[in-house]
Amino acid sequence: MSGSALLAVDNLVAGYEPGVPILRGAHLRVDAGEIVVILGPNGAGKSTLVKAVAGLVPIAAGSITLAGRDIAGVPAHEIVHRGLAFVPQTENVFTAMTIAENLQLSGHVLTKAARTRQIEAMYVLFPDLARQRQLAAGRLSGGQRQMLAIARALMIEPKLLMLDEPSAGLSPKLVGTVFAKLTDIRGSGVTILLVEQNARAALAVADRAYVLAEGQNRHEGPAAALGSDPLVARLYLGGMAAARGAP
Amino acid sequence: MILDLVSYGMFFLVTALSYAIICLGLNIQWGQTGLFNVGVAGFVAVGAYTSALLTTPETPGRFGGFELPIAAGWIGAMVAAGLCSAVVGAITLRLRADYLAITTFGIAVAIQLVALNAQGLTGGPFGIGFIPRPFGSLADRPVAFGLARLALIGALTLAVFWALERLARGPWGRVLRAIREDEAAASSLGKNATLYRLQAFMLGGAVMGLAGAVQAHLIGFIAPDNYVPALTFQVWAMLIVGGSGNNRGAVLGAIVVWGLWSLSGLAVSAFFPPGQQARAAALQIVAIGVMLAVILLLRPRGLLGEDKTVSRHVEGAEIGP
Amino acid sequence: MTLQFLADGLVMGAMTGLGAIGVTLTYSILRFANFTHGDLISWGAYLTLTLSLLIGAALPSAGAPIGPFSFGWPILAAGLAAMLLTGLLALALDFLLFARLRRRGTAIIMVIASFGASLALRSLLEFLYTPAPTYFSRELQIAIPLGAGIRVTPDQLCTLALTAALVAAMHLLLTRSHIGRAMRAVSENPALARVVGINVAAVIRTTWLIGGALACAAGVMLGLTVQIRPYMGFDLLLPLFAAAILGGIGSVPGAVAGGLIVGLAESAGVQFIGANYRAAIAFLLLLLVLLLKPTGLFGVRP
């Protein structure tokens, strides 16, 4: 089954310090064209999972394959070149560089022509950024920074885009904008894997969802089914109210 | 011949112990409090010159010459070095670790500059001579002389060691440890972290000053050339080899590194012709430098050190490969 | 009091600024105060001297000075080669010592190690070349009067011009090239740099190469305008740190500005307190900056 998946994670044991694993045998599968979301309580290891896939967390055991090739243990920058883009939750843009420079930096693997073309494409996708392309990223608002972070990630035309809590710190309206953008991005052929605390918003756009707790899988299935399952909501998503996105 | 060896052995040990006292002082600052003092030579110099100025006979054109007893000189050295550390600490202790390193380095350079140029105060490049040596009346009986000095310095080292151990295991030391481990928690209990760090810095400086005075009275002569970065480096090497954070490590490291230094000095005089000795001495320093690098790579906690030689408090940013 | 100190201060400041660029780059990208940088300056000068002597011995006729300067083609060629060698020396230090400490230690351990390595490096120079001062050439330079009581030698003018050229090149590199942007990225956030596909290890290697090469250039100029001795670079260390911190860690224009300010302050200061206390001036400047504005003039991060 994992043979056709774009991303396949099996039995992953990983953590920042050796001997103290945060992930204890996690697994997931993302097929091309899907939007998959990882949910779960705080400390479940959701962030650690995507960071491990991105090559930022040491892996003790298990396997990770991207488009059929093993990427466990491959250096993070190498994984980027294989078509995986990651948007961290915080500190996800270079604040001392302008919007244009942030995009140019990401696009360095492309030819100059391709880079220019991609940058223009990003400005079309994110008109807000186009208006202030010479502005230092540190002067942007939270929402604009998030957009820049996503645009930055899309520069390399990734096969898989991973995001760690893209809605964190954003107003409900901005959350809606971000998730609408994600749907657009999926529409252009990019597969998306995201970690989210805001289960309602995420389940509204996702195809499938995984629920993680204490470093292990607890539940998985189609997003719609998960969203309306009261047991799942109570156990892992802080109750139905929280699952609906209420504070 | 045997007498010569014994004499040399006692001289070796006495010198090693004087370095051990400097290390004990550095251990308070670095091992217990995490203060990165790269200006050790400066504080040692302050102690040495203070004691020399207090105890030597009058010299025309130069300040000092009070001809006070040796004990008064040593106490004066501690006070002067302690005061100097207080001033330095008050200005610089709130800087982050690597800026503190650069600043203390600069202070040692400044102190050495003063020692070299303020001839009216310090004798300038000629230094200060005729510093009274303890048990000087025994100087014509080498064994008795050596034994008496060894007894004195040994007792002094032991006293300093014991006092510092008591301090470290007592309430003051516990507060220092608490500040090292979790400053926020310590502050919330009403413990003024800055004040404790300043106290540690002062105490360490005073001990270094005492050692400087001891060394000055052992040799009988001091010059600005003694107080150069190489001295700072030797002391750091001793503390790291022995195991920083650890008073026993400080003493052991001093003896081991001084031993290696003396051995390499012997090797230099054995293998190089007399005309090339000064040049070859530079090779000694290279060897010690390489040795320190190897220790840092292979066994950073030294011979007797704890697992965590550096408190989490002073960690700089990590950047990976 | 003439205005000669302005010229002297500018020349010295230019060389200090050049060395400070290397310090500020390694400090911001590698995040530790590298005490060996001064000794890279000394090694650069001695490597150039040795190579130029070799070239001079192999091609005796090529050694004639170029125009009004005191140096000929052998020194120029030797200098370029030595820039590469010094860069490689810096890289070797990283490979043998700093990289390994970086993987498991903290920044402070690296400073201790660099302090020790610095001592070993200059002692090695003392052993190989003896502590006696030496010179690139015995050519006497006629100082050119510029008016207002200022006289400069052609070598000094060349130093200013070359420094300006190197600084301009560095600025272009950092702002217009990918490697420059990558260096700025790693300097701000190494983890994020990895996430955008930058090979941080390669950027670190490049930083050492550039830092070493610039140190060598500063050393050659210092050797040409003053003299060559094992402590020449180490004696510059406090001014280098002062310049880099004054300018703001990570800023190349800042390092240059800092260098010029330190150079001018030193040469102005010695008019009042004498040449003996020259080293104290840089230290006082450093202290002032750290106490009043630790981020420096153009710094982005303390």
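Just so it is clear, the model here is predicted, and its values are computed rather than measured. (Residues numbered from 1 in each chain as written. Chains lettered and ligands numbered in written order. Predicted model: local features only at pLDDT ≥ 70, side-chain atom pairs only at ≥ 80, totals over all residues.)

Student: Just to check I follow, could you spell out the overall build of chain C for this structure?
Tutor: Each helix and strand in chain C was counted, giving 11 helices and 2 strands. Scanning chain C from its N terminus toward the C terminus, one meets helices and strands in the order α-α-α-α-β-β-α-α-α-α-α-α-α. Computed over C-alpha atoms, the radius of gyration of chain C comes to 19 Å, within 12% of the 19 Å expected from 2.2 N^0.38 for 302 residues, which places it in the range of a compact globule. If you line up chain C on its principal axes, its C-alpha atoms span 55 × 45 × 40 Å. Burial analysis of chain C (302 residues in total) assigns 60% to the buried set. Within chain C, contacts between residues at least 6 apart in sequence are counted, and of these 77% link residues at least 24 apart. (Helix = DSSP H or I, 4+ residues; strand = E, 2+ residues; numbered from the N terminus. Rg over C-alpha atoms; globule rule 2.2 N^0.38 Å. Buried ≥ 20, exposed ≤ 12 C-beta atoms within 10 Å, placed from the backbone. Contact = placed C-beta atoms within 7 Å.)

Student: How should the nonpolar core be read in this particular structure?
Tutor: In globular proteins that are soluble, nonpolar side chains generally tend to be buried together. Judged by nonpolar contacts, the single largest core of 279 residues is most densely connected at Met162(A) and Cys23(B). Look past the residues within four positions of Cys23(B) in its chain and what remains in contact with it is Val235(B), Met238(B), Leu239(B), Ala250(B), Val251(B), Gly253(B) and Ala254(B). (Core = buried A, V, L, I, M, F, W, Y, C linked by C-beta atoms within 7 Å.)

Student: Help me out: how do you make sense of the environment of Ala254(B) in this one?
Tutor: Secondary-structure assignment places Ala254(B) in helix H11 (residues 247–271). Not counting residues within four places of it along the chain, the set of residues in contact with Ala254(B) comprises Ala16(B), Tyr19(B), Ala20(B), Cys23(B), Met238(B) and Gly242(B).

Student: Before we go on, may I ask you to explain the interface of chain C and chain B in this structure?
Tutor: A common way to express how large an interface is: the accessible area buried when the components associate. Between chain C and chain B, the residue contacts involve 42 residues of the former and 39 residues of the latter. Counting only elements with at least two residues in the side of chain C that touches chain B, the list comes to helix H3 (73–104), helix H4 (107–129), helix H8 (200–225), helix H9 (237–247) and helix H11 (278–292) of chain C. A per-element tally of the side of chain C that touches chain B places H4(C) first, with 15 residues.

Student: Which parts of the structure should I look at to understand the packing of helix H1 (residues 4–30) of chain C against H9(C)?
Tutor: Residue and element names in this part refer to chain C. Relative orientation of the contacting elements H1 and H9 amounts to 65°, with a least axis distance of 8 Å. As the angle between them shows, H1 and H9 are arranged roughly perpendicular. The two elements H1 and H9 cross, and the hand of that crossing is right-handed. Judged by residue contacts, Thr16, Gly17, Gly19, Ala20, Val23, Thr24 and Tyr27 of H1 engage Pro239, Leu240, Phe241, Ala243, Ala244 and Gly247 from H9. (Axes fitted to C-alpha atoms, helices over the stretch in contact; angles between N-to-C directions. Parallel < 35°, antiparallel > 145°, perpendicular 65-115°, else oblique. Left-handed = near helix turned anticlockwise from the far one by under 90°.)

Student: What is the right way to look at the pairing of strand E1 (residues 7–14) of chain A in this model?
Tutor: Successive residues of a regular strand alternate their side chains across the two faces of the sheet. Residues and elements named next belong to chain A. Where E1 meets strand E4 (residues 59–66), 6 bridges bridge the pair, whose relative direction is antiparallel. Following the sheet pairing, valine 9 is matched in E4 by isoleucine 64. As paired elements, E1 and strand E2 (residues 23–30) share 6 bridges and run antiparallel to each other. Paired with alanine 8 across the strands is arginine 29, a residue of E2. (Pairing = 2+ DSSP bridges.)

Student: Before we go on, may I ask you to explain helix H2 (residues 40–55) of chain B in this structure?
Tutor: What sets the pattern is the α-helix's 3.6 residues per turn: residues three or four places apart point alike. The end-to-end C-alpha separation of H2(B) is 23 Å, in line with the 22 Å expected for 16 residues at 1.5 Å each. Of all 16 residues making up H2(B), 16 are buried, and the element is well covered by its neighbours. (Expected span 1.5 Å × (residues − 1).)

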